[in-house]
Amino acid sequence: MQEVPTQEIKLNSNNVSVSIRREDLIHPIVSGNKFRKLKYNLVQAKAENQDTLLTFGGAFSNHIAAVAFAGKENGFKTIGVIRGDELESKISENPTLKFAQECGMQFEFVTREDYRHKTEANFLENLRQKFNNFYLVPEGGTNEFAVKGCEEILTNGDSQYDYVCCAVGTGGTISGIINSILPHQKVLGFPALKADFLKEEIRKFVQNENWELITDYHFGGYGKVNSELIAFINMFYEENKVPLDPIYTAKMVFGVNDLIQSGYFSENAKILLIHTGGIQGIAGMNLKLKAKKLPIIDFND
């Protein structure tokens with residue numbers, strides 16, 4: 001694994017310093033927190049002598065793409081249980097699913113109603129009846145092995161920061177970060193979806209209470225964006241040459257920028273933002289934006 005760079009960035013303030021940890025550069029395909037979450041899950045799967053990984057995700061899931069590629073690279077067969085049976089006939093039109101299929105992933109498309117039962121014993125038993133033995137990787141990858149991997153995001157050199165900020169999906173990444181901060185530091189999580197259950201999910205993995213969820217920047221829910229967020233992503237790239245994904249990291253950076261302007265942070269605070277990757281999903285998002293005749297994400301210089 002290559003060393004992950006950290007760079008200072010420009011946001012609209014002179015009284016705090018902000019840097020971003022470029023976890024999106026950790027691997028060309030399995031980027032950001034997906035690399036961290038899968039690292040020890042792959043070790044565990046091999047320890048259990050499993051040869052197949054099964055996981056869950058939606059149409060443009062970074063997790064699905066990452067599991068498909070990581071499985072191929074590490075000698076595992078992969079199965080993706082995909083939310084939305086209408087997608088079965090649209091694989092060639094979907095950059096994420098097409099990529100996963102090219103990596104050898106087998107799909108099981110289910111209705112959105114059935115997908116809500118994915119953690120229930122009967123649902124999982126039906127999958128085992130159909131596919132025999134497999135190593136189960138939860139949706140988003142979050143479990144104890146994922147948290148262990150995410151505990152490695154921060155390094156000894158990060159003691160200078162007062163705040164560590166990250167996007168939150170299933171809670172695994174922020175849990176790992178919370179477990180590895182120092183007493184003087186606080187973690188701010190920015191949920192990318194409307195999710196009242198997240199605090200309880202995070203508390204399953206952490207003891208430290210020096211963290212907070214900032215729930216005002218989900219832009220309407222998971223996968224929801226608007227022209228204001230797209231304009232921010234494009235402006236941020238123009239100023240910093242850092243691409244942001246619209247589902248997770250962009251919402252977090254937008255939120256931090258807004259909090260800076262509203263005086264949330266103390267003067268001279270040092271803030272570290274964690275870029276959790278997800279750039280592969282931009283192609284799919286731009287297809288949706290074009291269909292709605294909205295501005296697209298554009299990283300052309």
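Residues numbered from 1 in each chain as written. Predicted model: local features only at pLDDT ≥ 70, side-chain atom pairs only at ≥ 80, totals over all residues. Heavy atoms only, no water.

Overview of the side chain of Thr-249
- Inspection of the secondary structure puts Thr-249 in helix α10 (residues 249-261).
- Look at Thr-249 and you get buried, because its relative accessible area is 0%. (Helix = DSSP H or I, 4+ residues; strand = E, 2+ residues; numbered from the N terminus. Buried < 20%, exposed > 50% of the residue type's maximum accessible area, 1.4 Å probe, protein only.)

Describing the pattern of salt bridges
- Throughout the structure, instances matching the rule amount to 14 salt bridges.
- Across the pair Arg-36 and Glu-23 runs a salt bridge, and its minimum N-O distance is 2.8 Å. In this pair, Arg-36 is assigned in helix α1 (residues 33-47) and Glu-23 in the loop between β2 (17-21) and α1, connecting sequence segments 13 residues apart. The same class applies to Arg-36 and to Glu-23, which are both buried.
- Between Glu-212 and Lys-186 there is a salt bridge, with its nearest N and O atoms 3.0 Å apart. Here Glu-212, found in strand β9 (residues 211-213), pairs with Lys-186, found in strand β8 (residues 186-191); they are 26 residues apart in sequence, far enough to count as distant.
- Among the charged side chains, a network of salt bridges with common partners joins Arg-83, Lys-118 and Glu-139. (Salt bridge = Lys/Arg side-chain N within 4 Å of Asp/Glu carboxyl O.)

Re the nonpolar core
- Of all hydrophobic cores here, the largest spans 38 residues; its most connected members are Leu-11, Phe-190, Leu-244, Val-256, Phe-265, Ile-271 and Leu-273.
- Of all the elements in the fold, those that place two or more residues in this core are β2, β7 (163-168), β8, α9 (227-240), α10, β10 (270-274) and α11 (282-291).
- When residues in this core are grouped by element, the largest group, seven residues, is from α10.
- Residues contacting Leu-244, with those up to four places away along its chain left out, are Ile-20, Phe-232, Ile-233, Phe-236, Thr-249, Ala-250, Val-253, His-275, Ile-279, Ile-282 and Phe-299. (Core = buried A, V, L, I, M, F, W, Y, C linked by side-chain atoms within 4.5 Å. Contact = heavy atoms within 4.5 Å.)

Quick word on unusual backbone geometry
- Of note in the backbone geometry, Phe-219 takes a positive phi value of approximately 60° without being a glycine.
- If you trace the backbone, Phe-219 turns up in the loop between β9 and α9.
- Assessed through its relative accessible area of 19%, Phe-219 is described here as buried.
- Unlike most non-glycine residues, Asn-268 shows phi in positive territory, near 70°.
- As for its position among the elements, Asn-268 is in the loop between α10 and β10.
- The class for Asn-268 is exposed, based on a relative accessible area of 59%.

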